[in-house]
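# Structure assessment
Chain by chain, the residues:
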Amino acid sequence: MQTGPSRRGTTRRSLSAFFRSTTAAFALGSVAAPAFAAVDGIVTGAIFRSTEVIAFSIVFGGISAAMLSALWMIRQRGRAESENRSLRGAMSDARHRIGRLQALITEKDRRIVVWDGLSERPEFLGQLPAETGAPQDDRDFLAFGRWLKPASAQTLESAIDRLRSAAQSFDLIVETGRNEVLEAQGRVSGGEAFVRFVALSNLREELAALKLERDRLSAALSNFHGLMDAVDMPAWIRDADERLVWVNDAYADAVEASEAQIAVEEGRELLAAAQRERIRSQATYESPFRERLSTVVRGNRGFFDVVTIRTPSGAAGMAVDVSDAAAIREELDRTLKSHAETLDHLATPVAIFDGDQRLQFYNQAFQRLWDLPLGFLDGRPDNGALLERLRAAGKLPELLNWKQWKDNALSIYRAVDTQTDLWHLPNGQTLRVFATARPQGGTTWVFENLTEKVDLETRYNTLVQVQGETIDHLSEGVAVFGPDGRIRLSNPAFRALWGVTEAQAAPGTHIRAIEQACGASYDQPDGWKRFAQLITSFDDERASDHGILELRTGLILDFAVIPLPNAQTMLTFANITDSVRVERALTEKNEALRLADALKNDFVQHVSYELRSPLTNIIGFADLLKTPTFGTLTQRQAEYIDHISTSSSLLLTLVNDILDLATVDAGIIELDFSEFALDDFLDEVTLHMSGKLQESGVTVRIVAPETLGTFVADHQRLKQILIKLLTNATNFAPEGSLITLTCRRDGADFVFSVADNGPGIPKDVLDSVFNRFESHGKAGGAGLGLSIVESFVALHHGTVAIDTAPGRGTTVTCRIPSAERTSVVAAE
């Protein structure tokens, strides 16, 4: 279509040039003919003079030029005729071609619009098929918005404007309102702009549709890329070999690349190799990969929700930074968990129901309150079903209209304010129930157990009444003052002790008035001033006080100032007149007893020392009388001398025992520690006891290891201990029996025991065997043996134990540690 108009313009221009050159040639010939005639005349008739020669030369030159021009014109004319013949052939071909083109243009599958200049009206050639929806009328055809789709119409109008104004060609595929596809081509030729609209055939229509689809996809892809570059979520596309082919700006920023293309070229990866391998193995065409992964972005580790899809050509993915959301979610989870743990440890039962009225949370107190199975509660029962189960178990209040009560309880899901109710349960409990609607849906039920509170209030009121009655009936005087110095309460005993009336000690009376009222009974007003100072003091730590007051009436009062926790102060006055008098009498009696005990000790010591001298003389003279030097004694005299010697020895032993006990009681006895061999010590004790044992007719058996070693103790006192134990056993052992002395070493301690086969010690006597002057043996005696044993063992820091029972004998065991000191003074 472009060739016809251009060739036609060329032909017109060639013909015009030919006609102009031919006209010039004929004009030149008409001018040259007279010149030739003139020259001929001159040649034949003129005389050859110099001037004439010049003139002739000029004329001849002109004639020659004319002839040359004529020859050139003849030649050009031949050439023009040849060109005319060619042009006529070309014009014939052009007319034939134009005819064919006009035949093609007039087909009903295309239409051409031609503009000759910017202001010229367009010329329309051809028509489009009616099924395309293109108007047949020329005026309606250019209204593209009426029969083309808006996007196509807008694109086409813009392209035509650029074609006519800037000679910018275009090739477009446009869609009509009937979804038909047209091809629009815009060109400029010979100062004319024309647009050709072609209705496409099936194949070309499919190609055009594909182009449209390609343009749509390109536009969508461009929009997609623009959108992906605008968002702050890294996104990428990979080819079939898992290589990056496109990334957005957020991806480039995440991998610290200056541009997205650099990140693609350098293959900078956002995720670690192990993570990419897991994505590649898990992502399929049917199911995308979705998982939260951790990676390092700009030196900081963060969390991303990664979504990757697999396609036949590769894969595409996106990562959403959820680090802040994860931190917030973790904080929320920790907060919710902390709240749940806090609620779970609360003593107040709490239950939370969601928007579907199903149990979402309950604490241990709630389960204990209603005693419901954990399986039932973990099954998230409905709120109504929970109430029905509690009613069936007889745990809800007995109501006349259950349905109305239940509907009222569940109306909290539609309420705005918190609902409060009191439930009096059949088991005697009283609950205050708070039901609060939650902003996100559901309700929170809180059950406050008022049973204990009601019981405490009842008991408190009862206690207040009992305390009032108790205080009123106390024998001690009680008065309670407030921090302002005014009396709050007083009992009758207070008023009776101080001789004031009930009106004078009425509640609200200031302590100064109380002081004046009590002044008649107490002649020292400074005491009440001190009470007032302690009661109204502003010190951070209020001091307490106590003491004794003596009234003019002869009463002796024990007072106490006691700060109370509620900033009040209590004064108590106890009548201790009788107890003080008794105490004084006891003090006097105790002093007299102390003096008597001292006198007794002095007497015992004095008598003991005074008795020793005559007893020693008696024993000495008796021994002298037994010697033959003073003559032979008769049998009766010898017996008398023996009785005197024996009785004197017993009396001396008794005096020594009494003296030892007296020195122990006085705290003046001293132990003389020395180191000695225990084997020799036992032989010495046995030798000393041989006479006593022979008289009693008993035998002593010593059970001890071959060598007991050495021991540090008071030799004399330890000997006394063993002799006293053996003597005591001899007194209780029957005649002909066996006494066993068992000795052993336990570390540094010396442990020994004396066992006899006597009648044993009754239980009622066992508690007093170590008492002084307690004698239960067959030989009688003063009963000081075991008392001395216990005292001397205690001085050695040892212990004494008795194992006995009626009918099986007695065993006395002593444990004495080895001493390190040289002497020990008995404690008082």
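Placed above this text is the structure.
Turning our attention to empty space enclosed by the protein. Here the structure, examined in full by the defined rule, presents 1 cavity of 30 Å³ or more. Estimates place the volume of the largest cavity at around 70 Å³. Lining the largest cavity, in full, are Phe353, Phe366, Trp370, Asn383, Leu386, Leu387, Leu390, Trp423, Trp445 and Phe447. Elements represented by at least two residues in the lining of the largest cavity include exactly helix H11 (364–370), helix H13 (383–392) and strand E15 (443–449).

A word on the packing of H13 against helix H14 (residues 402–410). Between H13 and H14, whose axes approach to 11 Å, the crossing angle comes to 140°. Relative to H14, H13 is oriented oblique. Along this stretch, H13 crosses H14, giving a crossing that reads as right-handed. Contacts between H13 and H14 involve Asn383, Gly384, Leu387, Glu388 and Arg391 from the first element and Trp402, Lys406, Ala409 and Leu410 from the second. Here the residues of the contact of H13 with H14 are counted per class, giving 4 nonpolar, 2 polar and 3 charged.

On to the packing of aromatic side chains. Under the criterion given, the structure shown has 23 aromatic pairs. A centroid spacing of 5.7 Å and a plane angle of 85° characterise the contact between Trp370 and Phe447, whose relative ring orientation is edge-to-face. One end of the pair, Trp370, is in helix H11; the other, Phe447, is in strand E15, with 77 residues separating them in the sequence. Residue Trp370 shares its accessibility class with Phe447, and that shared class is buried. Pairwise contacts between aromatic rings join Tyr362, Phe366, Trp370, Trp402, Trp405, Trp423, Trp445 and Phe447 into one cluster.

This part covers the sheet that holds strand E12 (residues 359–362). Taken in spatial order, the 5 strands of this open sheet run E12-E11-E15-E14-E13, and their pairing is antiparallel. This sheet does not close on itself; its edge strands, each paired only once, are E12 and strand E13 (419–424). This sheet shows a mean twist of 20° between the axes of neighbouring strands, independent of strand direction. Across 3 bridges, the pairing between strand E11 (residues 350–353) and E12 is antiparallel. Along E12, the bridge assignment pairs Ala351 with Tyr362.

Quick notes on the rules
- Residues numbered from 1 in each chain as written.
- Predicted model: local features only at pLDDT ≥ 70, side-chain atom pairs only at ≥ 80, totals over all residues.
- Heavy atoms only, no water.
- 1 Å grid on protein atoms, 1.4 Å probe; cavity = no way out; pocket = protein on both sides within 12 Å on 5 of 7 lines; lining within 4 Å.
- Points joined across faces, edges and corners; volume = space filled by probe spheres on them.
- Helix = DSSP H or I, 4+ residues; strand = E, 2+ residues; numbered from the N terminus.
- Axes fitted to C-alpha atoms, helices over the stretch in contact; angles between N-to-C directions.
- Parallel < 35°, antiparallel > 145°, perpendicular 65-115°, else oblique.
- Left-handed = near helix turned anticlockwise from the far one by under 90°.
- Contact = heavy atoms within 4.5 Å.
- Nonpolar A, V, L, I, M, F, W, Y, C, P; charged D, E, K, R; others polar.
- Phe/Tyr/Trp six-rings, centres within 6.5 Å; stacked < 30°, edge-to-face > 60°.
- Buried < 20%, exposed > 50% of the residue type's maximum accessible area, 1.4 Å probe, protein only.
- Pairing = 2+ DSSP bridges.

Honestly, it's all geometry; don't read function into it.
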